[in-house]
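These are the residues of each chain, in order.
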Amino acid sequence: MAGGGNDLKLLAMWASPVALRVRLALSIKGISYEYVEQDLRNKSDLLLQSNPVHKKVPVLIHGGKPVCESLVIIQYIDEVFSGAGPLLPVDPYERAVARFWAAFIDDKLMKANYQASWGKTEEEKSEGMKLMCEAVETLEGALRDCCKGKAFFGGDNPGYVDVVLGGILAWVRAMEAMLGIKTFNPVTTPLLAAWADNFGALEAVEAVMPDVGRLVEFAMKIQSAAAAEAATAAN
Ligand SMILES: N[C@@H](CCC(=O)N[C@@H](CS)C(=O)NCC(=O)O)C(=O)O
């Protein structure tokens, strides 16, 4: 594997969609690393020292030096291991376009997905769902323009936007299992639905995807803890 013996450590949490996108990037590029699971309710000294500003995962520690923020980490990996299947396009304009869509996924889709899943009221959740549908439709158009008939945002092979979006794929499947909602709907967003099948079927992707059943259990625990907290606050 490329990157073996390169002193790479990834501080992550198994259910984190942003940690997953870094794992996807490392897996697709075939870079080996040490995975260090973090307990986010009891943060390790290593996490607090490595990311003193945000105190969040993921953090990549390369040769003892921490790199924080998932998008920054993926770009760093792509630059350092440039020989191993590049994720960002070579052309500066295409790179800018890929970065634009990665930012869109963070700013619009991830935020709406979070609101739809964890909104405090039913109104908040349904507003989140509406925003999510709008973001997914916009992304369908982006995929049409970027892939030009090919399977991925990156073309024939998965690239930067694919790994950034891929981070939420397991949660999209968990939402489907819990609520019956098809985020990447084959009728309304056929390209994204095909993208999800193609991306999810890649060996390098399957190797790091969390188990959907485990995610559903995890989500249900969080939901019942939040409901118990709200009931206590109301009494
Ligand atoms: N913008 C950051 C988001 C990082 C983030 O929110 N990480 C969450 C896990 S999904 C976390 O560590 N949460 C712990 C906390 O908020 O204390 C990135 O893309 O890396």
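The structure displayed is predicted, hence computed values, not measured ones.

Novice: Can you explain the site of the ligand? Please cite residues and give values.
Specialist: Taken together, S16, V18, L40, K43, K56, V57, P58, E69 and S70 are the residues near the ligand. K43 is positioned with one of its side-chain polar atoms (N or O) 2.4 Å from an oxygen atom of the ligand. S70 places a side-chain nitrogen or oxygen 2.6 Å from an oxygen atom of the ligand. When the ligand is considered free in solution it has 510 Å² of accessible area, and contact with the protein chains removes 69% of it. Split by residue class, the shell around the ligand holds 4 nonpolar, 2 polar and 3 charged.

Novice: Kindly report on the domain arrangement of the chain, identifying the contributing residues and their values.
Specialist: As far as domains go, the chain holds domain 1 (8-80) and domain 2 (92-213). Listed by partner, the interface residues are 15 residues for domain 1 and 21 residues for domain 2. Buried surface at the junction of domain 1 and domain 2, both sides included, amounts to about 1600 Å², of which 67% is carbon and sulfur. Three residues stand out in domain 1 for area buried against domain 2, namely R21, L24 and I28, and they jointly supply 34% of the buried area on that side.

Novice: Now, about helix α3 (residues 70-80): what can you tell me, with residues and values included?
Specialist: Listing the buried residues of α3 in full gives S70, L71, I73, I74, Q75, I77 and D78. Of the surrounding secondary structure, the elements contacted by the buried residues of α3 are α1 (17-29), β3 (59-62), β4 (65-68), α4 (92-118) and α6 (160-166).

Novice: For the pairing of β4, give the residues involved together with the corresponding values.
Specialist: Across 4 bridges, the pairing between β3 and β4 is antiparallel. Considered in β4, the bridge of L60 is made with V67. The hairpin formed by β3 and β4 contains 2 residues between the paired strands, and G63 there has a positive phi angle of roughly 55 degrees.

Novice: Report on the nonpolar core, specifying residues and quantitative values.
Specialist: Grouped together as the largest cluster of nonpolar side chains are 71 residues, with contacts concentrated most on L109, L139, F153, Y160, L165, F184 and W195. Per-element tally for this core: the top contributor is α4, with 9 residues. Split by domain, this core shows at least three residues from each of two domains, domain 1 (8-80) and domain 2 (92-213). Setting aside anything within four residues of it in sequence, one finds F153 in contact with L139, A142, L143, C146, V161, D162, L165, L192 and W195.

Novice: Which residues make up the sheet that holds β3, and what values go with them?
Specialist: Across the sheet, 4 strands lie side by side as β2-β1-β3-β4; this open sheet has mixed pairing. The open sheet terminates on both sides in strands that have one partner only, identified here as β2 (34-37) and β4. In this sheet, neighbouring strand axes are inclined to one another by 25 degrees on average, regardless of whether the strands run parallel or antiparallel. In the sheet, strand β1 (residues 8-12) pairs with β3 via 4 bridges, with the strands oriented antiparallel. Within β3, the residue paired with L8 across the bridge is H62.

Novice: Give me the lowdown on the state of the cysteines, citing residues and values where you can.
Specialist: Counting across every chain of the model gives 0 disulfides. Of the cysteine sulfurs around C146, a residue in no disulfide, the closest is that of C147, at 7.7 Å.

Novice: Describe the packing of aromatic side chains, listing the residues and the values that go with them.
Specialist: In this structure the tally under the stated criterion is 9 aromatic pairs. Where W171 meets F218, the ring centres are 6.3 Å apart and the plane angle is 55 degrees; that geometry is what we call tilted. Remark: F218 occurs in helix α10 (residues 212-234) and W171 occurs in helix α7 (residues 169-179); sequence separation between them is 47 residues. On the basis of relative accessibility, which here comes to 11%, the residue W171 falls in the buried class. When its relative accessible area of 27% is taken as the criterion, F218 is described as partly exposed. A network of ring pairs unites the aromatic residues F152, F153, F184, W195 and F199 as a single cluster. Residue placement shows R214 over the ring face of W14; its charged tip is 3.8 Å from the ring centre.

Novice: Explain the pattern of salt bridges residue by residue, including any values.
Specialist: Counting across every chain of the model gives 7 salt bridges. The shortest N-O distance in the salt bridge between D78 and K29 comes to 2.7 Å. With D78 in helix α3 and K29 in helix α1, this residue pair connects regions lying 49 residues apart in the sequence. Since its relative accessible area comes to 8%, D78 is described here as buried.

Rules behind the numbers
Residues numbered from 1 in each chain as written. Predicted model: local features only at pLDDT ≥ 70, side-chain atom pairs only at ≥ 80, totals over all residues. Heavy atoms only, no water. Near = heavy atom within 4 Å. Polar contact = N/O pair within 3.5 Å; in protein donor to acceptor, adjacent residues only side chain to side chain. Areas by Shrake-Rupley, 256 points an atom, 1.4 Å probe, with all protein chains shown as cover. Nonpolar A, V, L, I, M, F, W, Y, C, P; charged D, E, K, R; others polar. Domains from an automatic or database assignment. Contact = heavy atoms within 4.5 Å. Buried area = accessible area lost by both parts, 1.4 Å probe. Buried < 20%, exposed > 50% of the residue type's maximum accessible area, 1.4 Å probe, protein only. Helix = DSSP H or I, 4+ residues; strand = E, 2+ residues; numbered from the N terminus. Pairing = 2+ DSSP bridges. Core = buried A, V, L, I, M, F, W, Y, C linked by side-chain atoms within 4.5 Å. Axes fitted to C-alpha atoms, helices over the stretch in contact; angles between N-to-C directions. Disulfide = S-S within 2.5 Å. Phe/Tyr/Trp six-rings, centres within 6.5 Å; stacked < 30°, edge-to-face > 60°. Lys NZ or Arg CZ within 6 Å of the ring centre and 35° of its normal. Salt bridge = Lys/Arg side-chain N within 4 Å of Asp/Glu carboxyl O.

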